[in-house]
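# Topology and contacts: notes
Each chain, written out:
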Amino acid sequence: MRALHRLAEAEALAPLLDAASPSPALAARIEARAKTLVRAARAAYRPGADVTGFLREFGLGTAEGVALLCLAEALLRIPDAATADRLIEDRIGGPDWEAHLGRADSLAVNASAFAFMLSGRVLAFEQGAEGARSAIGRMVRRLGEPVIRAALRRGMRVLARQFVLGRTIDEALSRAATGDGKRWRYSFDMLGEAAKTMKDAERYQHAYESAIGAIGKAAAGRGPVEGPGISVKLSALHPRYEPLQEARCVPALIASLGRLARAAKAADIGLTVDAEEAERLEISLDVFAAVRDDPALDGWDGLGLAVQAYQKRAPAVIDWVAGISGPHRVPVRLVKGAYWDTEIKLAQVQGHQDYPVFTRKAATDVSWLALARRMLARPSLRPAFATHNAHSLATILELAEPGTFEMQRLHGMGEPLYEGVVGPDCPVRVYAPVGTHEDLLAYLVRRLLENGANTSFVHRLVDPAVPEDAVIADPVARVRASGLGPNPRIRKPRDLYPDRQNSEGLDLADRAVAPAVLAAIRRADGEDFSLPGTGPAREIREPADRRRTVGRAHDATAAEIDAALGRLAQGWRAWDRAGGPARAAILERAATALEADRAALLSLLAREAGRTLTDGIAEVREAVDFLRYYALRAKEDFAGPRELAGPTGERNTWQLGGRGVFAAISPWNFPLSIFLGQVAAALAAGNAVAAKPAEQTPLVAGRALSHLWAAGVPETALAFLPGDGPGVGAALIRDPRIAGIAFTGGTETARAIAAVIAARPGPIIPLIAETGGINAMIVDSSALAEQVVTDALASAFGSAGQRCSALRLLCLQEEIADRVLAMLAGAAETLVIGDPRDPATDIGPVIDEEARQSLAA
């Protein structure tokens, strides 16, 4: 399974393509049946019966569709009319709603377009008018806003109802048991994913347990095959469902899922564990296997698992599930996958070697077909095939024995496709979300991303302008025609940038990677990181345990500073004359060496700076990116004379070069990346650099500079001057040999530096200052509380500094404040005193007593 995780796409796809390829006779039968399905679906399609018409008219390729998505994700959370009105004005006033009038064949869509167009006109009228027209506009706006607000809220709820079967499980069961709903089997999904606190997880656990009881009563003894069931997301059952928290979350998840499984057995219904992000796959399989081995579940074949066909590991997952089945038949739901864009972006951001998913839709479809055959060949599995694609459905109908499988579709989608085939030989289960509209966001966004694009099958199925042959195109033939390679528009993470190599990341979720990384770091821990020098020696101690010494550093003396600046002042011209390409080659060599020395740097970052393992990896990567980026700038901007426009537009030839000696003064909280970024920028431009690291982190800085010297930077172009601000920093900024200063740190310090250099005789030298400060975060009720905590507050703990003192949060409504503060209280467990090299440690360094009291309060 691990060998397949990030396998090259062509290599992963080749065996699947062979397995999915039908014989000519079977291919002909599949094509004929698929055409029949498409014709029947188009004949059965009833405009307005599901969201297809809405998605066709307001897809994510339109400004109107984006505006609607913004409203859908925020409007229903806003309790007060004034804020709702401002949001409506902001999102509805601009798009061209009038262009959509009359284009759709659904009365509901046309009515929506008219209402949105009217809203836009009313709200835009005042903005462009003056005088009497403005007064009339204000009057119309005052009269119209309550109506508009009510209409839009109603419209959002109607849209949500298309995606959600019911606000409560009782409402969903009632809809499923009446009218057209009786034809389908159901798997109910209780909306509420990604618990952020244990209170969230307890609430979701209770919701699942209550739903299981209600579903069991409605099932009336039909059993886990023919009766309704429930789908469970492990992310809803624990706030730290993530690989680096395995020791913490897996036992808790086994206990939580075990309780639900025993309840489902008692209710005689099925329970399926949903698939989520790729990095969580292995821990989810551990949880599934442990619960499946529970003796209390003997005799019950209702515990199932969803498998994502877009993952390259999917074939091994199918084999693994079949291998642990024992005396039970395991229900397996084969889906194509709902997190594709997330998986692509995560792999790019984290600098992985390749993607865990296929990069072309046709490849995923081929994988799905191959896996379907694999499942049908394993009697220990009870297969369920989820698709809205006519060719995929036709393939299953041709391959499988009637009654030995079931198909699945999403509530609100795919009904016309299954209209003529649902029945005893082809039972169809509807994946039916249940929950309040406020909990809809994550699910709604996934559905819109999957089906809101104009290239999606949902769009094309009922669009008469799309030829039948295009709708039922065989993915096997498409892949053979285009080749097995990846999507050429999606570069591998390492090749993300067109002009330079991306830094290499480490996939700590891969159990084949993390142990080797930790072992290398432990070996580096024994290294003596002490630095040479003639000044007073001082011991550098670990912030997580002040009893442990990392190494010794010598602060630069006045004589050393003077001698270093003398060398640099004499040597910078030779470095400048070497030219941009030569300097670039040196910086690129240093970047490669830095990546090769990652284990030692991670050890130092943890032991000297208190950086956690994940933050340390990110910092090494950022430092490597800085070196390669500035190498590129050196090649492009300093390769020779350039023609530039003069102040009056005339063309002049310029030779860009260095200014002299730059002082680079860096902070403690990014002791490697910001430090090297300043140094690399100045070196790339042809300057010599006097590098002064933060007083607290000289060992990290000294290790980094050793790679620059080894790569070819001469000592006449780069000097290392560790020490404190008053002793070393002040001497540098006052010295007339300094031709420029790059500083990152406090605002007051930057002001003091600016005052000093302003008072120096002669021309004022450049000061490039990046200063810190206190930033205000204003959270109103339209915000999603989970996003506030995850994207803003939690990330601030990791990147803004490791010693947390206090956090103040301003919220405009008590409801959102209570929610966010509850999540922060749950997240306070992550602020632990521990070994920052341990991947399970979130914040490594000691939290001082003032910070501890603030957090407790």
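Residues numbered from 1 in each chain as written. Predicted model: local features only at pLDDT ≥ 70, side-chain atom pairs only at ≥ 80, totals over all residues. Heavy atoms only, no water.

## Some points on the overall build of the protein
Tallying secondary structure elements over the protein gives 33 helices and 19 strands in all. Across the 857 residues in the protein, those meeting the buried criterion constitute 54%. For the protein, the computed accessible surface area is about 36100 Å², with 55% contributed by carbon and sulfur atoms. (Helix = DSSP H or I, 4+ residues; strand = E, 2+ residues; numbered from the N terminus. Buried < 20%, exposed > 50% of the residue type's maximum accessible area, 1.4 Å probe, protein only. Areas by Shrake-Rupley, 256 points an atom, 1.4 Å probe, with all protein chains shown as cover.)

## Observations regarding the side chain of Arg382
Looking at where Arg382 falls in the secondary structure, it is placed in strand β6 (residues 381-386). As a buried residue without a salt bridge, Arg382 has its nearest oppositely charged side chain in Glu406, at a separation of 5.7 Å. There is a polar contact of 2.8 Å between the side chain of Arg382 and the backbone oxygen of Asp301. With residues up to four places along the chain from it excluded, the contact list for Arg382 reads Pro224, Val225, Asp301, Gly302, Arg329, Val330, Pro331 and Val332. (Lys, Arg positive; Asp, Glu negative; His and termini not counted. Salt bridge = Lys/Arg side-chain N within 4 Å of Asp/Glu carboxyl O. Polar contact = N/O pair within 3.5 Å; in protein donor to acceptor, adjacent residues only side chain to side chain. Contact = heavy atoms within 4.5 Å.)

## A few points about the pattern of salt bridges
Within the structure shown, the criterion is met by 52 salt bridges. A salt bridge links Glu406 to Arg429; the shortest N-O distance between them is 2.7 Å. With Glu406 in strand β7 (residues 406-410) and Arg429 in strand β8 (residues 428-434), this residue pair connects regions lying 23 residues apart in the sequence. Assigned by exposure class, Glu406 and Arg429 land together as buried.

## What about the pairing of strand β12 (residues 651-654)?
Remark: a regular strand shows side chains that alternate across the two faces of the sheet. Two strands pair when backbone bridges link them, and strand β11 (residues 642-645) and β12 are joined in this way by four bridges, in the antiparallel orientation. The partner of Leu644 across the bridge, within β12, is Asn652. Counted between consecutive antiparallel strands, the loop separating β11 from β12 contains five residues, among which Gly649 sits at a positive phi close to 95 degrees. (Pairing = 2+ DSSP bridges.)

## Description of the environment of Val679
With respect to the helices and strands, the residue Val679 is situated in helix α27 (residues 673-684). Residue classification places Val679 among the buried residues on the basis of a relative accessible area of 0%. The spatial distance from the C-alpha of Val679 to the C-alpha of Leu705 is 9.1 Å, given a sequence separation of 26 residues.

## Let's talk about the sheet that holds strand β17 (residues 767-772)
Pairing is parallel in the open sheet, where five strands are placed in the order β15-β14-β13-β16-β17. Pairing within the sheet leaves two strands with one partner each, and these edge strands are β15 (718-720) and β17. The average angle at which neighbouring strand axes cross in this sheet is 15 degrees, direction not considered. Looking at chain direction, strand β16 (residues 738-746) and β17 are connected through six bridges and run parallel. (Axes fitted to C-alpha atoms, helices over the stretch in contact; angles between N-to-C directions.)

## Some words on the pairing of β6
Counting buried positions along β6 gives six out of six residues, so the element sits mostly inside the fold. Neither face of β6 is left uncovered, since the one carrying Leu381, Pro383 and Phe385 and the one carrying Arg382, Ala384 and Ala386 both have all their residues buried. Note: strand β5 (residues 330-335) against β6, five bridges, orientation parallel. Directly across from Pro331, in β6, lies its bridge partner Arg382. Direction of pairing for β6 relative to β7: parallel, over a ladder of three bridges. Bridge assignment links Phe385 to a residue of β7, and that residue is Met407.

## Some remarks on the packing of helix α8 (residues 169-176) against helix α9 (residues 198-219)
When two helices pack together, their arrangement is given by the angle between their axes and by how far apart the axes lie. Following both chains from N to C, one finds α8 and α9 inclined at 25 degrees, their axes separated by 10 Å at the closest point. One way to sum up the angle between α8 and α9 is to call them roughly parallel. Crossing angle aside, the handedness with which α8 passes α9 is right-handed. Between α8 and α9, the residues in contact are Ile169, Asp170 and Leu173 and Ala211, Ala214, Ile215 and Ala218, respectively. Each residue belonging to the contact of α8 with α9 can be placed in one class, and the counts come to six nonpolar, no polar and one charged. (Parallel < 35°, antiparallel > 145°, perpendicular 65-115°, else oblique. Left-handed = near helix turned anticlockwise from the far one by under 90°. Nonpolar A, V, L, I, M, F, W, Y, C, P; charged D, E, K, R; others polar.)

## Considering the sheet that holds β8
Strands belonging to one sheet form pairs held by backbone hydrogen bonds; the direction of such a pair is parallel or antiparallel. Read around the closed barrel, eight strands run β1-β2-β3-β4-β5-β6-β7-β8, paired in parallel fashion. Taken pair by pair, the neighbouring strands of this sheet meet at an average axis angle of 30 degrees, ignoring direction. Across four bridges, the pairing between β7 and β8 is parallel. The residue bridging Arg409 from the neighbouring strand is Val430, located in β8.

## Regarding the packing of helix α15 (residues 361-376) against helix α16 (residues 390-399)
At a minimum axis distance of 11 Å, the contact between α15 and α16 shows a crossing angle of 25 degrees. Judged by the angle between their axes, α15 and α16 are roughly parallel. In the packing of α15 onto α16, the handedness of the crossing is right-handed. Here Trp368, Leu369, Ala372, Arg373 and Leu376 of α15 lie close against α16, whose contacting residues are His391, Ser392, Thr395, Ile396 and Leu399.

## Quick word on the packing of aromatic side chains
Overall, the coordinates contain five aromatic pairs when judged by the stated rule. Seen from their ring centres, Trp368 and Phe385 are 5.9 Å apart, and the 70 degrees between their planes marks the pair as edge-to-face. Of this pair, Trp368 sits in helix α15 while Phe385 sits in strand β6; the two residues are 17 residues apart in sequence, bridging distant segments of the chain. Judged by relative accessible area, Phe385 falls into the buried class, the value being 0%. (Phe/Tyr/Trp six-rings, centres within 6.5 Å; stacked < 30°, edge-to-face > 60°.)

## Points about helix α11 (residues 246-267)
Here α11 spans 30 Å end to end across 22 residues, near enough to the 32 Å set by a 1.5 Å rise per residue. By the burial criterion, the buried members of α11 are Cys249, Val250, Leu253, Ser256, Leu257, Gly258, Leu260, Ala261, Ala264 and Ala267. Those residues of α11 that are buried are in contact with α9, β2 (229-232), β3 (270-273) and α12 (281-292). A positive phi of about 60 degrees marks Asp268, the residue just after α11. (Expected span 1.5 Å × (residues − 1).)

## Points about helix α21 (residues 475-482)
Those residues of α21 lying buried are Pro475, Val476 and Val479. For α21, the buried positions fall inside an angular range of 105 degrees around the axis, keeping them on one side. At its buried positions, α21 is contacted by α1 (9-20), α15 and α16. If you check the start of α21, you find a side-chain oxygen 3.0 Å away from the backbone N of Val476, and it comes from Asp474. Downstream of α21 by one or two residues, Gly483 has phi in the positive range, about 100 degrees. (Arc of directions from axis to C-beta.)

## Remarks on the confidence of the model for the protein
Confidence along the protein averages 84 in pLDDT terms, with 76% of residues attaining 70 or more. Taken together, the stretch residues 125-140 has pLDDT below 50 and engages in nine contacts with residues farther than four places along the chain or on a different chain. A low-confidence stretch, residues 801-812 (pLDDT under 50), is modelled with 37 contacts involving residues beyond four sequence positions or located in other chains. (pLDDT = per-residue confidence, 0-100.)

## Some thoughts on the side chain of Asp510
One can find Asp510 in the loop between α21 and α22 (514-525). Despite its burial, Asp510 pairs with no opposite charge, the nearest such side chain being Arg2 at 4.9 Å. Those residues in contact with Asp510, other than ones at most four positions away along the chain, are Arg2 and His5.

## Some details on unusual backbone geometry
You will see that Ala220, though not glycine, has its phi angle at about 55 degrees, which is positive. Position of Ala220 relative to the elements: it lies in the loop between α9 and α10 (223-226). Residue Ala220 is classed as exposed on the basis of its relative accessible area, which comes to 66%.

## Side note on the nonpolar core
Counting 101 residues, the largest nonpolar core has Ile169, Phe188, Ile230, Leu271, Phe385 and Met407 as its most contacted members. Looking at which element gives the most residues to this core, the answer is α15, with nine residues. Setting aside residues up to four positions removed in sequence, Leu271 forms contacts with Ile212, Ile230, Val232, Leu257, Leu260, Ala261, Ala264, Trp300, Gly302, Leu303 and Gly304. With 54 residues, the next largest nonpolar core counts Ala524, Ala634, Leu683 and Val689 among its residues. (Core = buried A, V, L, I, M, F, W, Y, C linked by side-chain atoms within 4.5 Å.)

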